[in-house]
Amino acid sequence: LFLFLLLTNMESKFYPQYKTVDGWIAKLLKCQHLSESEVKDLVAKAREILEREDNVQPVRCPVTICGDIHGQFYDLLELFHIGGMPPDTNYLFMGDYVDRGNF
């Protein structure tokens with residue numbers, strides 16, 4: 001969900017209803033937990049965005065390609081520390097595809 005927050009952070013600049021996303025990102029970058037109601041709101045916003053997205057997304061170059069980080073939050077923060085924060089740096093996370101291949 002943290003990665004989703006960072007990637008949707010761009011939307012908060014264009015859509016006022018996503019302004020709270022900036023606050024959630026700030027909390028998580030300080031390693032603070034989101035409240036239950038904030039998580040529920042985040043999931044609702046994620047669903048809203050994902051429902052209107054196409055299955056295939058264009059990827060802007062240059063892009064940093066990453067393997068599966070297995071949900072490791074601190075590994076994700078380290079990647080962003082080394083490579084730069086979204087949206088200044090574009091990332092493509094391959095996820096389980098690199099672990100399990102195309103079944």
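As a convention, each chain's residues are numbered from 1 in the sequence order in which they are written. Local features in this predicted model are restricted to residues of pLDDT 70 or higher, and side-chain atom pairs are both shown and tallied only at a pLDDT of 80 or more, whereas totals for entire chains, interfaces and linings draw on every residue. Values shown for side chains rest on all heavy atoms present in the structure; no hydrogens or waters enter the calculation.

Our next topic: the packing of aromatic side chains. Aromatic contacts are taken between Phe, Tyr and Trp rings whose centres are within 6.5 Å, Trp giving its six-membered ring; a plane angle under 30 degrees counts as stacked, one over 60 as edge-to-face, and the others as tilted. A complete count under the given rule lists 3 aromatic pairs for this structure. Geometrically, the ring pair formed by Phe-73 and Tyr-74 is edge-to-face, given 5.7 Å between the ring centres and 70° between the ring planes. Burial here depends on accessible area, computed with a 1.4 Å probe over protein chains only, as a share of the maximum for the residue type. Under 20% is buried, over 50% is exposed, and the range in between is partly exposed. Judged by relative accessible area, Tyr-74 falls into the exposed class, the value being 58%. Members of the aromatic cluster, connected to one another through ring pairs, are Phe-80, Tyr-91 and Phe-93.

Regarding helix H4 (residues 73–83), the residues found buried are Leu-76, Leu-77 and Phe-80. The buried residues of H4 all sit within an arc of 100° when viewed along its axis, so they share a single face. Pointing more than 90 degrees away from the buried face of H4 are the exposed residues Tyr-74, His-81 and Ile-82. Positive phi shows up at Gly-84, right after H4, with a value of about 110°. Secondary structure elements are defined from DSSP: runs of H or I of at least 4 residues count as helices, runs of E of at least 2 residues count as strands, and each element is numbered from the N terminus. To obtain the arc, one takes the directions from the helix axis to the C-beta atoms.

Okay, a nonpolar patch on the surface next. Nonpolar side chains (Val, Leu, Ile, Met, Phe, Trp, Tyr) within 5 Å and like charges within 9 Å form the patches, drawn only from residues with over 30% relative accessible area and no salt bridge. Computed with a 1.4 Å probe, the accessible areas rest on the Shrake-Rupley method; for each residue, only the protein chains presented here act as cover. Salt bridges are identified by distance alone: a Lys or Arg side-chain nitrogen within 4 Å of an Asp or Glu carboxyl oxygen. Together, Val-59, Ile-65 and Leu-92 make up an exposed nonpolar region whose accessible area comes to about 250 Å². Mapped onto the elements, Leu-92 comes out in strand E2 (residues 90–93). The exposure class of Leu-92 is partly exposed, given its relative accessible area of 30%.

For our purposes a nonpolar core is just a set of buried Ala, Val, Leu, Ile, Met, Phe, Trp, Tyr and Cys residues, chained together by side-chain atoms within 4.5 Å. Counting 6 residues, the largest nonpolar core consists of Val-21, Trp-24, Ile-25, Leu-28, Leu-34 and Leu-42. At 4 residues, helix H2 (residues 20–29) tops the list of elements feeding residues into this core.

What follows concerns helix H3 (residues 36–52). Its 17 residues give H3 an end-to-end C-alpha distance of 25 Å, which sits within 8% of 24 Å, the value for a rise of 1.5 Å per residue. Where H3 is concerned, the buried positions are Glu-38, Leu-42, Lys-45, Ala-46 and Ile-49. The buried side chains of H3 occupy one side of the element, clustering within an arc of 105° when seen end-on. Turned more than 90 degrees away from the buried face of H3 sit Glu-36, Lys-40, Arg-47 and Glu-51, all of them exposed. The span expected for a helix works out to 1.5 Å for each residue beyond the first.

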